[in-house]
Amino acid sequence: MPNLSLTTRDVARELARRYSTMTHEELDMLESILVPMKFQKNEMILAEGQICTNIYWVAKGLIRQFYYKNGKELTEYMAAENHICMCIESLFKEEPTRLQMMAIEPTILFALPKDALEQASIKSVNIQMLYRKILEESLILSQVHADMLRFETAQDRYVKLVKSQPQLVLRAPLVFIASYLQMTPETLSRVRTSALLD
């Protein structure tokens, strides 16, 4: 089924398949809180200073989270189809975020509004499980990325990204990949050449 025609029901089923089994009634509940959203290439999903109120599921496209430091734009996270994205600190503290979220390609997201998700979690233990597993996955991905930057060589970082998220490497501009892996575009170019030769 092409992603373009994904319905809220399809997404509810996919989320249930990945994170928690659900009854038809629970699927109905989950489907009722999903909000489809469309973004053009380079359109801002969340700007600095806004409060993140949603967990986003990428149905189609590619998004990135980034921030500015000393006038430089630094990529914090990227997500392609079937991945989750959120500004977790802003989401839970209900404070303005310093991160920004932008569509790298024309993108379709399904938003899970935090308030609606928490209300549904009170009524359904399976939706509560889904919520918890999404948060666990987000925290683990964040830790894995931080450890990769701390402990691994530039070459190993690139190879790991190719293995874990090949879509990102194929579709994201090299300047974003370099920033995400905390290396210069020149280093990334050398690393890619070396990886191809291995």
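Residues numbered from 1 in each chain as written. Predicted model: local features only at pLDDT ≥ 70, side-chain atom pairs only at ≥ 80, totals over all residues. Heavy atoms only, no water.

### Details of the sheet that holds strand E7 (residues 100–103)
Then comes step 1: The four strands lie next to each other as E2-E7-E4-E5, forming an open sheet whose pairing is antiparallel. Either end of the sheet is taken by a strand with one partner, and the two such strands are strand E2 (44–46) and strand E5 (72–79). Taking the axes of each pair of neighbouring strands and ignoring which way they run, one obtains an average angle of 35 degrees across the sheet.
Then comes step 2: Bridge count for E2 against E7 is two bridges, and the pairing is antiparallel. Its bridge partner lying in E7, Met44 is registered against Met102. (Pairing = 2+ DSSP bridges. Helix = DSSP H or I, 4+ residues; strand = E, 2+ residues; numbered from the N terminus. Axes fitted to C-alpha atoms, helices over the stretch in contact; angles between N-to-C directions.)

### Here's the deal with helix H5 (residues 125–151)
Then comes step 1: In a regular helix each residue adds 1.5 Å, so 27 residues correspond to 39 Å; H5 covers 38 Å between its end C-alpha atoms and thus fits that length.
Then comes step 2: Looking only at H5, the buried set comprises Ile127, Leu130, Tyr131, Ile134, Leu135, His145, Met148 and Leu149.
Then comes step 3: A side-chain oxygen of the first residue of H5 lies 3.3 Å from the backbone nitrogen of Asn126; this N-cap is Ser124. (Expected span 1.5 Å × (residues − 1). Buried < 20%, exposed > 50% of the residue type's maximum accessible area, 1.4 Å probe, protein only. Polar contact = N/O pair within 3.5 Å; in protein donor to acceptor, adjacent residues only side chain to side chain.)

### Topic: the sheet that holds strand E8 (residues 107–113)
Then comes step 1: Strand order in the open sheet formed by four strands is E1-E8-E3-E6, with antiparallel pairing between adjacent strands. The outermost strands of the open sheet, each flanked by one partner alone, are strand E1 (35–39) and strand E6 (84–85).
Then comes step 2: Each of E1, strand E3 (54–60), E6 and E8 is contacted by helix H1 (residues 8–19), which is oriented at about 105 degrees to E3, the strand it contacts most.
Then comes step 3: In the packing of helix H4 (residues 114–123) onto the sheet, contacts are made with E3 and E8, and the angle to E8 comes to roughly 50 degrees. (Contact = heavy atoms within 4.5 Å.)

### Describing the pairing of E5
Then comes step 1: Where strand E4 (residues 63–69) meets E5, seven bridges bridge the pair, whose relative direction is antiparallel. Opposite Phe66, over in E5, you have Thr75 as the bridge partner.

### Here's the deal with the environment of Glu31
Then comes step 1: Looking at the element boundaries, Glu31 is found in helix H2 (residues 24–33).
Then comes step 2: Along the chain, Glu31 and Leu139 lie 108 residues apart, while their C-alpha atoms are 24 Å from each other.
Then comes step 3: Among residues more than four places away in sequence, those in contact with Glu31 are Thr8, Arg9 and Ala12.
Then comes step 4: There is a polar contact of 3.1 Å between the side chain of Glu31 and the side chain of Thr8.

### A short note on the packing of aromatic side chains
Then comes step 1: Evaluated as defined, the whole model comprises one aromatic pair.
Then comes step 2: Relative to Tyr68, the ring of Phe66 lies with its centre 5.9 Å away and its plane at 80 degrees, an arrangement referred to as edge-to-face.
Then comes step 3: Residue Phe66 is classed as buried on the basis of its relative accessible area of 2%.
Then comes step 4: The ring of Phe66 has Arg64 lying over it, and the distance from NZ or CZ to the ring centre is 4.1 Å.
Then comes step 5: A cation sits over an aromatic face here: Arg64 above Phe176, 3.7 Å from the ring centre. (Phe/Tyr/Trp six-rings, centres within 6.5 Å; stacked < 30°, edge-to-face > 60°. Lys NZ or Arg CZ within 6 Å of the ring centre and 35° of its normal.)

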